[in-house]
Amino acid sequence: MTGLYYEEFEVGETIEHEKRRTISESDNQRFCDMTMNQQPLHLDAEFAADTQFGDRLVNGLYTMSLAVGLSIPDTTDGTIVANLSYDDVEHPNPVFHGDTIRAQSTVTDKRETSDGERGVVTMRVEAFAVDRDDEDDGETLVCEFERTVLSLKKEEQ
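This report concerns the structure included in the present document. Note that the structure is a prediction, hence the values are computed from the model and not measured.

Section: helix 1 (residues 25-34)
Three- or four-residue spacings in an α-helix give side chains the same orientation, since the helix completes a turn every 3.6 residues. What helix 1 keeps buried is the set Asp-27, Asn-28, Phe-31 and Cys-32. One side of helix 1 carries all its buried residues, which in axial view fall inside an arc of 125°. Next to the buried residues of helix 1 lie strand 1 (14-22), helix 2 (40-43) and helix 4 (60-75). Where helix 1 terminates, the next one or two residues include Met-36, which has phi positive at roughly 60°.

A word on the packing of aromatic side chains
Summed over the entire model, instances satisfying the criterion amount to two aromatic pairs. Ring geometry for Phe-31 and Tyr-62: centres 5.4 Å apart, planes at 55°, overall tilted. Residue Phe-31 is found in helix 1, and its partner Tyr-62 is found in helix 4; the two are separated by 31 residues along the sequence. Classification of Phe-31 as buried rests on a relative accessible area of 14%. Judged by its relative accessible area of 11%, Tyr-62 falls in the buried class. Taking the centre distance of 6.2 Å and the plane angle of 65° together, the rings of Tyr-86 and Phe-145 count as edge-to-face. Here the residue Tyr-86 occupies a position in strand 2 (residues 80-90), and Phe-145 occupies one in strand 5 (residues 139-152), the gap between them amounting to 59 residues. Of the residues examined, Tyr-86 reaches a relative accessible area of 34% and is grouped as partly exposed.

A look at the nonpolar core
Residues Ile-23, Ile-101 and Phe-145 are the most contacted members of the largest nonpolar core, which totals 18 residues. Among the secondary structure elements, those contributing two or more residues to this core are helix 4, strand 3 (100-112), strand 4 (118-130) and strand 5. In terms of residue count, the dominant contributor to this core is helix 4 (six residues). The contacts of Ile-101, once residues within four sequence positions are left out, are Arg-20, Arg-21, Ile-23, Leu-66, Leu-70, Val-95, Ala-127, Phe-128, Ala-129 and Val-142.

A closer look at the sheet that holds strand 3
Sheet strands associate in pairs through backbone hydrogen bonding, adopting either a parallel or an antiparallel arrangement. If you trace the five strands from one edge of the open sheet to the other, you get 1-3-4-5-2, paired in antiparallel fashion. Among the strands making up the open sheet, the edge pair consists of strand 1 and strand 2. Between one strand axis and the next, the sheet turns by 25° as a mean value, whatever way the strands run. Here strand 1 runs beside strand 3; their pairing, made up of six bridges, is antiparallel. Note on strand 3: the bridge partner recorded for Arg-21 is Ile-101. Each of strand 1, strand 2, strand 3, strand 4 and strand 5 is contacted by helix 4, which is oriented at about 125° to strand 1, the strand it contacts most.

Focus on the pairing of strand 5
Counting buried positions along strand 5 yields 10 of 14 residues, so the element is predominantly enclosed. For strand 4 and strand 5, the ladder comprises 13 bridges, and the chain directions are antiparallel. Opposite Met-123, over in strand 5, you have Arg-147 as the bridge partner.

Focus on the pattern of salt bridges
Summed over the entire model, instances satisfying the criterion amount to eight salt bridges. A salt bridge links Arg-30 to Asp-27; its shortest N-O distance comes to 2.8 Å. Taken together, the residues span about one helical turn, with Arg-30 and Asp-27 both in helix 1 at a distance of three residues. Under the relative-accessibility criterion, Arg-30 is labelled partly exposed at 46%. For Glu-144, the salt bridge is made with Arg-124, and the minimal N-O distance between the two is 3.5 Å. Pair noted here: Glu-144 is in strand 5 and Arg-124 is in strand 4, with a separation of 20 residues, a long-range link. For Glu-144, a relative accessible area of 15% corresponds to the buried category. Members of the salt-bridge network, linked through shared partners, are Glu-16, Arg-102 and Glu-139.

Parameters and conventions
Residues numbered from 1 in each chain as written. Predicted model: local features only at pLDDT ≥ 70, side-chain atom pairs only at ≥ 80, totals over all residues. Heavy atoms only, no water. Buried < 20%, exposed > 50% of the residue type's maximum accessible area, 1.4 Å probe, protein only. Helix = DSSP H or I, 4+ residues; strand = E, 2+ residues; numbered from the N terminus. Arc of directions from axis to C-beta. Contact = heavy atoms within 4.5 Å. Phe/Tyr/Trp six-rings, centres within 6.5 Å; stacked < 30°, edge-to-face > 60°. Core = buried A, V, L, I, M, F, W, Y, C linked by side-chain atoms within 4.5 Å. Pairing = 2+ DSSP bridges. Axes fitted to C-alpha atoms, helices over the stretch in contact; angles between N-to-C directions. Salt bridge = Lys/Arg side-chain N within 4 Å of Asp/Glu carboxyl O.

So, in C-alpha cells, the structure goes:
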C-alpha cells in the first residue's frame, strides 16, 4: 500500500508521478474496442490523414484514464474509499501513438467528512506528452482535470 491517508495530503503540494507510459497503437485500438468507440479519427489512418491533425489521435478518455492510473500509486493506492468525481476535464493538445505520458497531481483542497471519520481530497491532475521534438521544454500538456476522492484517515494508535 503506497497511497496517502487524508492527513498526509497537503494543500498546494505537487506530487510528481515517476511512472510513465508510451502509448502504442495497440493500446488505443484496444481501448476503443472495449468502449465501443469506433470514431475514425482514432482508428482510420486514411480518414485521420485528411484532418487538421494529419494522423490518428489517441482516444482522450484513454489519456485521462492513463493519467489517473499513473497517479494512483502515489496518491490513493490502498487508502481510498471511492473516487467521487472528475471535473473540469480539458484536452488542450492531441496525443498520438508513440507519445510517452507522465502525470502530476496538485492537491487543491481537503476537508473532513461531516462525521469526521474520513476526508475528501481534491487534486488537479495534469498529463504531459514528454520529449516531443516540437516543444522547447520537451513537454506538452495533453490532459488536465480535477479528481475528488474520499480518503481513509489514519487509524488512531
